[in-house]
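These are the residues of each chain, in order.
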Amino acid sequence: MAEINTGGGGGKHDGGKVRSKKASTRVDMTPMVDLGFLLITFFILATTLSKPSSMTLNVPDKTKQEETEPIKASNVMTVFLGKDNKAYYIFGKAANEDPEVKTVGYGYEFRQALQENVKKVGGEKFVVVIKPTKQSTYKNMVDVLDEMAITKLKRYALVDQLTPDEKKLLKDKVKLDA
Amino acid sequence: MPAVKIKRASSSVDMTAMTDVAFLLLTFFILTAQFRSQDAAAIETPSSISGIKVPDRDIMTIGLGRDGKVYFGIDNAQNRISMLENIAAAKGITFTPNEMKEFSLMSNFGLPINQLKSYLSLPKEQQGKVKQPGIPTDSTGAAPTNELKDWVFNARKANNGLRIALKGDNLAKFPEFKNVLATLQAQNINKFNLITGTEAPPAGWKAD
């Protein structure tokens, strides 16, 4: 913006003294503002602000075979991660005992199902077995692990092998080709 | 009688305050932000409530794209050079100092080893256009065709303190993740971080 200098001026007036022209003390800051915002824009575009967070995942050592006590099917909730962002779970029965397969979405529905089942068994004995199928995505797995952190369940396992019984069950009940 | 002159207001606005604000913001951004690195592929991570931040240094990132391609990167340029030297020695390939330098500038990559040399010799503009095919992996994690295994091994040889972060895309299928998992487990790596976005925990939730 051009500044219009209204005052001052050392022109010769009629009969007046000759005065030296006083320089204006105001500096035009506009280009500096332009420069400032240009740099800001550059930094906003070239950098990342928030650092991503991370969740730790510990998997059991495959080289060591530890003898573990078999867990009772009545305390186990097995979650199958299916396609199209759906999860299926069976609770209280093994796959060959003709259990009821329930379908849940991730997030709130799944959390509610978890909490209901924890109440039935009691926090200490409750075990969740997470079985992602071939059609599930990485996001589904992270979501479920996240639900474990939210509900503070400590006893869960990520198992990537489905037994033939479970495959048959999923195929019969929910038409999922695992 | 002379016409009454209206005193005209000055059209200049005092920009000093605006300059102050602009530079204050600028300072803030410079101090808080960190530069975005040039990635081999865009990966959209899922979000979690986890509050653990990804460490700044000594980190090895294994990326898993939505199409199942695997990308690999380690953080320090010096480490990258020694990693490349290790793997070149193991595979019987030699790299020129120029190619080494080029490699040390790449934050991550997704190329089979036999394509790496020709990629590094391309000019910068053309490198960006190359569709990186991803690092070969397989479900057993130990087969000779699994190159991710070699990269992980040689990266740890270059810097033993490296922590492993896995960065998977929302849409990556589970079997692809399983291949990466199997590769790590075959080397007896059982603890790693999954990089996620941040999301707010449900109301009333408290960390232990």
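Quick look at the structure, then. (Residues numbered from 1 in each chain as written. Chains lettered and ligands numbered in written order. Predicted model: local features only at pLDDT ≥ 70, side-chain atom pairs only at ≥ 80, totals over all residues. Heavy atoms only, no water.)

Digging into helix H3 (residues 138-151) of chain A
All names here are of chain A.
- With 14 residues, H3 extends 20 Å from end C-alpha to end C-alpha; this agrees with the ideal 20 Å at 1.5 Å per step.
- The buried fraction of H3 is high, at 12 of 14 residues.
- Among all positions of H3, only Tyr138, Asn140, Met141, Val142, Asp143, Val144, Leu145, Asp146, Glu147, Met148, Ile150 and Thr151 are buried.
- In the stretch just after H3, lysine 152 is the one whose phi turns positive, near 60°. (Helix = DSSP H or I, 4+ residues; strand = E, 2+ residues; numbered from the N terminus. Expected span 1.5 Å × (residues − 1). Buried < 20%, exposed > 50% of the residue type's maximum accessible area, 1.4 Å probe, protein only.)

Some words on the pairing of strand E5 (residues 163-168) of chain B
Residues and elements named next belong to chain B.
- Across 6 bridges, strand E3 (residues 59-64) lies against E5 in parallel orientation. Across the sheet, residue leucine 64 finds its bridge partner in E5, namely glycine 168.
- As defined by bridge partners, E5 adjoins strand E6 (residues 191-198) across 2 bridges and the pair is classed as parallel. For alanine 165, the partnering residue across the bridge sits in E6 and is asparagine 193. (Pairing = 2+ DSSP bridges.)

As for the packing of aromatic side chains
Residues and elements named next belong to chain B.
- Tallied over the entire structure, the rule returns 10 aromatic pairs over all chains.
- With centroids separated by 5.5 Å and ring planes inclined at 65°, the aromatic side chains of phenylalanine 28 and phenylalanine 29 adopt a geometry described as edge-to-face.
- On the accessibility criterion, phenylalanine 29 (14% relative accessible area) is buried.
- Aromatic side chains phenylalanine 174 and phenylalanine 177 sit 5.9 Å apart centroid to centroid with 50° between the ring planes, which places their arrangement in the tilted category. Residue phenylalanine 174 and its partner phenylalanine 177 are located together in helix H7 (residues 174-186), separated by 3 residues, close to a single helical turn. (Phe/Tyr/Trp six-rings, centres within 6.5 Å; stacked < 30°, edge-to-face > 60°.)

Here we look at the environment of Phe23(B)
- As for its placement among the helices and strands, Phe23(B) is situated in helix H1 (residues 16-32).
- In this structure Phe23(B) comes out as partly exposed when scored by relative accessible area, which is 26%.
- Sequence-distant contacts of Phe23(B), defined by excluding residues within four places in its chain, comprise Met32(A) and Gly36(A). (Contact = heavy atoms within 4.5 Å.)

Overview of unusual backbone geometry
- Backbone geometry at Asp84(A) places phi at a positive 50°, although glycine is not the residue there.
- Structurally, Asp84(A) is set in the loop between strand E3 (76-81) and strand E4 (86-91).
- Residues other than glycine seldom take positive phi values, yet Asn188(B) does so here, at roughly 65°.
- Within the secondary structure, Asn188(B) sits in the loop between H7 and E6.

Focus on the environment of Phe95(B)
- For Phe95(B), the position within the fold is in the loop between helix H2 (77-91) and helix H3 (97-104).
- The contact partners of Phe95(B), leaving out residues within four places of it in the chain, are Leu84(B), Ala88(B), Met100(B), Leu116(B), Lys117(B) and Leu120(B).

Notes on the sheet that holds strand E5 (residues 102-105) of chain A
All names here are of chain A.
- Strand order in this open sheet of 5 strands is E5-E4-E3-E6-E7, and the pairing throughout is mixed. Of all the strands in the sheet, the pair left with one neighbour each is E5 and strand E7 (156-158). Between one strand axis and the next, the sheet turns through 25° on average, direction left out of account.
- Summarising the sheet, E4 and E5 pair through 4 bridges and their orientation is antiparallel. Residue lysine 86 lies in a different strand from E5, and its bridge partner there is glycine 105. (Axes fitted to C-alpha atoms, helices over the stretch in contact; angles between N-to-C directions.)

What to know about the interface of chain A and chain B
- Residue-level contacts link 53 residues of chain A with 57 residues of chain B.
- Interface area for chain A against chain B, summed over the two sides, is near 5300 Å², with a carbon-plus-sulfur share of 62%.
- Taken together, the connections running from chain A to chain B amount to 0 salt bridges.
- On inspection of chain A and its partner chain B, the count reaches 14 residue pairs in polar contact (both at pLDDT 80 or more).
- Looking at the side of chain A that touches chain B, the elements that each hand over two or more residues are helix H1 (30-46), strand E1 (47-48), strand E2 (53-58) and H3 of chain A.
- Per-element tally for the side of chain A that touches chain B: the top contributor is H1(A), with 11 residues.
- In the side of chain A that touches chain B, the residues fall into 26 nonpolar, 14 polar and 13 charged.
- With 6 bridges joining them, E2(A) and E6(B) adopt antiparallel strand pairing. Among the inter-strand pairings, Met55(A) is bridged to a residue of E6(B), identified as Leu194(B). (Buried area = accessible area lost by both parts, 1.4 Å probe. Salt bridge = Lys/Arg side-chain N within 4 Å of Asp/Glu carboxyl O. Polar contact = N/O pair within 3.5 Å; in protein donor to acceptor, adjacent residues only side chain to side chain. Nonpolar A, V, L, I, M, F, W, Y, C, P; charged D, E, K, R; others polar.)

Taken by themselves, the reported measurements are silent on function.
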